[in-house]
Amino acid sequence: RAVAMSVSHSSKLNKLVREQYMKLPQGDLAQVTYVWIDGSGEGVRCKSRTLDKEPKSIEDVPEWNFDGSSTAQAEGSNSDMFLVPVRMFRDPFCLDPNKLVLCEVLKYNRKPAETNLRHTCKKVMDLAKDSHPWFGMEQEYTLLGINGHPYGWPDNGFPGPQGPYYCGVGADKVYGRDIVESHYKACLYAGVKICGTNAEVMPSQWEFQVGPCEGIEMGDHLWMARFILHRVCEDFGVVATLDPKPMTGNWNGAGCHTNYSTEEMRKEGGLKHIEAAIEKLSKRHDYHICVYDPRGGRDNSRRLTGHHETSNIFEFSAGVANRGASIRIPRQVGQDGYGYFEDRRPAANCDPYAVTEAIMRTTVLNETGVETKDYADN
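Because the structure is predicted, anything quoted here is derived from the model rather than measured. Numbering of residues starts from 1 in every chain and runs along the sequence as written. This being a predicted model, a pLDDT of at least 70 is required before a residue's local features are given, and a value of 80 or more before pairs of side-chain atoms are given or counted; all residues contribute to the totals for chains, interfaces and linings. Derived side-chain values reflect all non-hydrogen atoms in the structure, with water molecules and hydrogen atoms excluded from consideration.

> Tell me about the overall build of the protein, and please be specific about residues and values.
Strands here are runs of E lasting at least two residues and helices are runs of H or I lasting at least four, both read from the DSSP assignment and numbered beginning at the N terminus. The number of helices and strands found in the protein is 9 helices and 13 strands. Taken over the C-alpha trace, the protein has a radius of gyration of 21 Å; the compact-globule value for 378 residues is 21 Å, and the two agree within 12%. Across its three principal axes, the protein shows a C-alpha extent of roughly 60 × 60 × 40 Å. Three labels apply to residues, based on accessible area from a 1.4 Å probe with only protein chains included: buried if under 20% of the type maximum, exposed if over 50%, partly exposed otherwise in between. A burial count over the protein gives 51% of its 378 residues as buried. A contact between two residues is defined here by any heavy atoms of the two lying within 4.5 Å. Of the contacts made within the protein by residues no fewer than 6 positions apart, 67% connect residues no fewer than 24 positions apart. The Shrake-Rupley method, run with a 1.4 Å probe sphere, supplies the accessible areas, and residue values consider only the shown protein chains as cover. Element-wise, carbon and sulfur atoms account for 51% of the exposed surface of the protein, whose accessible area totals about 17700 Å². With 44 positive and 51 negative side-chain charges, the protein shows a separation of 1 Å between the mean positions of the two kinds. Radius of gyration means the value over C-alpha atoms here, while the globule rule gives 2.2 Å times the residue count to the 0.38 power. Neither His nor the chain ends is counted toward charge; the positive residues are Lys and Arg and the negative residues Asp and Glu. All charge positions are set by atom: Lys at NZ, Arg at CZ, Asp at CG, Glu at CD.

This is the structure in structure tokens:
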């Protein structure tokens, strides 16, 4: 019996007709799509404009503005917000010479918007730049039909229990691979540092990895990878959710495991620096939990239960090759004596700027307690 999948109406439009228009020449003009984080701290917004010529660097892209009252970022009586371009990518949807541009959001007084967490992250990364921090983030997400039900799951009921789905192959084991592969190729074209992908433990759950990225580059590339994911899903008529626990019960949640190292950790004998960093993290667990999801840990409390390959949200733990620990040291790193470690606590819907900033504040800038130090602008 054929099952009608819950996809959006717009995904059923004839895409061949669109291709006819996309092939039209545009002369020397360039279409630039400005992308920013909205007032939820999770959603991304975008709008486009025409430039007289293809921008060759971020400095060639002018500042712009938008109506912050429509994105939960400003009052209607004073709604203009500034879009400040910070990183440019190729546009995999409209193709060269067109661009995607990630922007910071500033308020009317040129101060960062509340959900502009890049601003302080950049300050911290600049202060810690001599440590050459590398990050790699593993973004888990779940595909949903527009009815909110996991894509490919039976309309009334559940698929078989977890087991055959992780890195699975076959129509009865994985759902939506077309979306995953389209997203991967689009990220490669854009210049996003995507480095891998796999099917996850829960059916219709997937993961892609971005990195290694140094410093502020991590947040920039992950946010653009997320934008591209949502945009690809729009074409296919489904939804990608970053909810850390989209299905209650005996199903894995979704995280954003963060791999991290400094230059000294990557050198011979680096394991002692890894262990020193983990010791610092162990004394600041509550602070990290508060910034590892957009709601001060409430989202993660649904996921970090101590079950389904997670640690307990109330306890800090670390171990070699232990996926039930807060911090995992890969087995190879334990054997080599140098490398990196993985913080498994960040939720799928975390802000990567907040996560990477917190790690730097604790492990390199040696902050302690739940308060953060306010560093002056350079």
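From this point on, the discussion continues.
> Run through the nonpolar core, naming residues and quoting values.
Only buried residues count toward a nonpolar core. Its members are Ala, Val, Leu, Ile, Met, Phe, Trp, Tyr and Cys residues joined through side-chain atoms within 4.5 Å. Core analysis: the largest hydrophobic core is formed by 66 residues, its most contacted members being Tyr141, Met224, Ile228 and Phe341. Looking at which element gives the most residues to this core, the answer is helix H4 (residues 217–236), with 10 residues. There are two domains that each give this core at least three residues, and those are domain 1 (9–114) and domain 2 (125–364). Ignoring anything within four residues of it in the chain, the contact list for tyrosine 141 reads Val180, Ser204, Gln205, Trp206, Glu207, Phe208, Leu229, Ala240, Thr241 and Leu242. Here the limits of each domain have been adopted from an automatic or database domain assignment.

> How would you explain the side chain of histidine 183 if you had to name every residue and give the values?
With respect to the helices and strands, histidine 183 occurs in helix H3 (residues 177–190). We classify histidine 183 as buried; its relative accessible area is 1%. With near-sequence residues (within four places) excluded, histidine 183 lies in contact with Ile194, Phe208, Ala225, Ile228, Leu229 and Val232.

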